[in-house]
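Chain by chain, the residues:
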Amino acid sequence: MAAPAKCFLVTGSPGVGKTTLIARVLENIRTSNPNLKIQGFFTREIRQDGERVGFEVVTLDGRTAPLASINNSSVESIRWPTVGRYRVDVASFESLALPELQVKEDTDLFVIDEVGKMELFSPLFFPTVLRVLESNKPFLATIPVPKYGRDIPAVARLKNHPGAKVFTLTTSNRDDMKNQIYSQLTHNLV
């Protein structure tokens, strides 16, 4: 019999609602299990006049830090890695997100939104994600869809982990996926 999944990965096309789904599952878990210790972060769009101009990292207790922007023109940002037209502020990301992923004995669940190209520019991020995975604590994460049929190597490694279960989100299965993930995840939390 296969070991129960501990690594719940949500994938789907950009804009399909991966972050919203994770937030709703988390909300349900917090309502039904208010004493759980949950750590992690979300990635949220920054919009200006209806246009997406960047992304920020948001901890589960509401603290924020810049992740990427099209508007950053500081001297040091010239050397920052880019994804499309966004400059990725690796130092800002690491300062807020990495402490949220430190494995502690009393942590019940980790939430990581997302294990994607921007976040993976941090050389410390994926080793930290692997420590979470190896801790055997349940975690819920979003991952990008493969581009040109190929996964980012770090994402492929997560998907191929024996304790991983991948959920592919579409506009037509969102409610069902939320219930499925919630049910399987809470089964792992008891």
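Refer to the structure above for everything that follows.
Overview of the structure. Keep in mind that this is a model prediction, so the values were computed, not measured.

## Describing the overall build of the protein
Next, step 1: When helices and strands are tallied, the protein shows five helices and nine strands.
Next, step 2: Starting at the N terminus and ending at the C terminus, the protein contains elements arranged as β-α-β-β-β-β-β-α-β-α-β-α-β-α.
Next, step 3: Over its C-alpha trace the protein gives a radius of gyration of 16 Å, about what one expects of a compact globule, namely 16 Å for 190 residues.
Next, step 4: Counting only C-alpha atoms, the protein reaches 55 × 40 × 30 Å along its principal axes.
Next, step 5: Taking the intrachain contacts of the protein between residues at least 6 apart in sequence as the baseline, contacts between residues at least 24 apart amount to 65%.
Next, step 6: Surface exposure of the protein reaches about 10100 Å², of which carbon and sulfur atoms provide 50%.
Next, step 7: Of the charged side chains in the protein, 23 are positive and 20 negative; the average position of the first set lies 4 Å away from that of the second.

## Quick notes on helix 5 (residues 174-189)
Next, step 1: For helix 5, which comprises 16 residues, the first-to-last C-alpha distance of 22 Å matches the rise-based estimate of 22 Å (1.5 Å per residue) to within 8%.
Next, step 2: Here helix 5 has its buried residues at Met177, Ile181, Leu185, Thr186, Asn188 and Leu189. The buried residues of helix 5 occupy one face: seen down the axis, they fall within an arc of 145°. Exposed positions of helix 5 whose direction lies more than 90 degrees from the buried face are Asp175 and His187.

## Some thoughts on the packing of aromatic side chains
Next, step 1: Under the counting rule described, the total for this entry stands at five aromatic pairs.
Next, step 2: Note on Phe8 and Phe167: the rings are 6.2 Å apart at their centroids and 20° apart in plane angle, and the pair reads as stacked. Of this pair, Phe8 sits in strand 1 (residues 7-11) while Phe167 sits in strand 9 (residues 164-168), placing them 159 residues apart in sequence.
Next, step 3: Given a relative accessible area of 0%, Phe8 falls into the buried group.
Next, step 4: We classify Phe167 as buried; its relative accessible area is 3%.
Next, step 5: Their ring planes at 65° and their centres at 5.2 Å tell us that Phe55 and Tyr86 sit as a pair that is edge-to-face.

## What about the environment of Arg52?
Next, step 1: The topology assignment puts Arg52 in strand 3 (residues 51-59).
Next, step 2: The partly exposed category is assigned to Arg52, whose relative accessible area is 31%.
Next, step 3: For the pair Arg52 and Ser77, spaced 25 residues apart in sequence, the C-alpha to C-alpha distance is 19 Å.
Next, step 4: If sequence neighbours within four positions are ignored, Arg52 has contacts with Glu45, Ile46, Arg47, Ile70, Arg85 and Tyr86.

## A short note on the nonpolar core
Next, step 1: Counting 33 residues, the largest nonpolar core has Ile112, Phe125 and Phe139 as the members making the most contacts within it.
Next, step 2: Ranked by residues supplied to this core, first place goes to helix 3 (residues 125-134) with six residues.
Next, step 3: Those residues in contact with Phe139 that lie beyond four places of it in its chain are Lys6, Cys7, Phe8, Leu109, Phe110, Ile112, Val129, Val132, Leu133 and Leu158.
Next, step 4: Core analysis: the second largest hydrophobic core is formed by 21 residues, Phe8, Leu26, Leu60 and Val111 among them.

## Section: the pattern of salt bridges
Next, step 1: Summed over all chains, the structure comprises seven salt bridges.
Next, step 2: Between Arg47 and Glu45 there is a salt bridge, with the nearest N and O atoms lying 2.9 Å from each other.
Next, step 3: The exposure class assigned to Glu45 is partly exposed, which follows from its relative accessible area of 36%.
Next, step 4: Three or more residues joined by partner-sharing salt bridges are found here, namely Glu45, Arg47 and Arg52.

Parameters at a glance
- Residues numbered from 1 in each chain as written.
- Predicted model: local features only at pLDDT ≥ 70, side-chain atom pairs only at ≥ 80, totals over all residues.
- Heavy atoms only, no water.
- Helix = DSSP H or I, 4+ residues; strand = E, 2+ residues; numbered from the N terminus.
- Rg over C-alpha atoms; globule rule 2.2 N^0.38 Å.
- Contact = heavy atoms within 4.5 Å.
- Areas by Shrake-Rupley, 256 points an atom, 1.4 Å probe, with all protein chains shown as cover.
- Lys, Arg positive; Asp, Glu negative; His and termini not counted.
- Charge placed at Lys NZ, Arg CZ, Asp CG, Glu CD.
- Expected span 1.5 Å × (residues − 1).
- Buried < 20%, exposed > 50% of the residue type's maximum accessible area, 1.4 Å probe, protein only.
- Arc of directions from axis to C-beta.
- Phe/Tyr/Trp six-rings, centres within 6.5 Å; stacked < 30°, edge-to-face > 60°.
- Core = buried A, V, L, I, M, F, W, Y, C linked by side-chain atoms within 4.5 Å.
- Salt bridge = Lys/Arg side-chain N within 4 Å of Asp/Glu carboxyl O.

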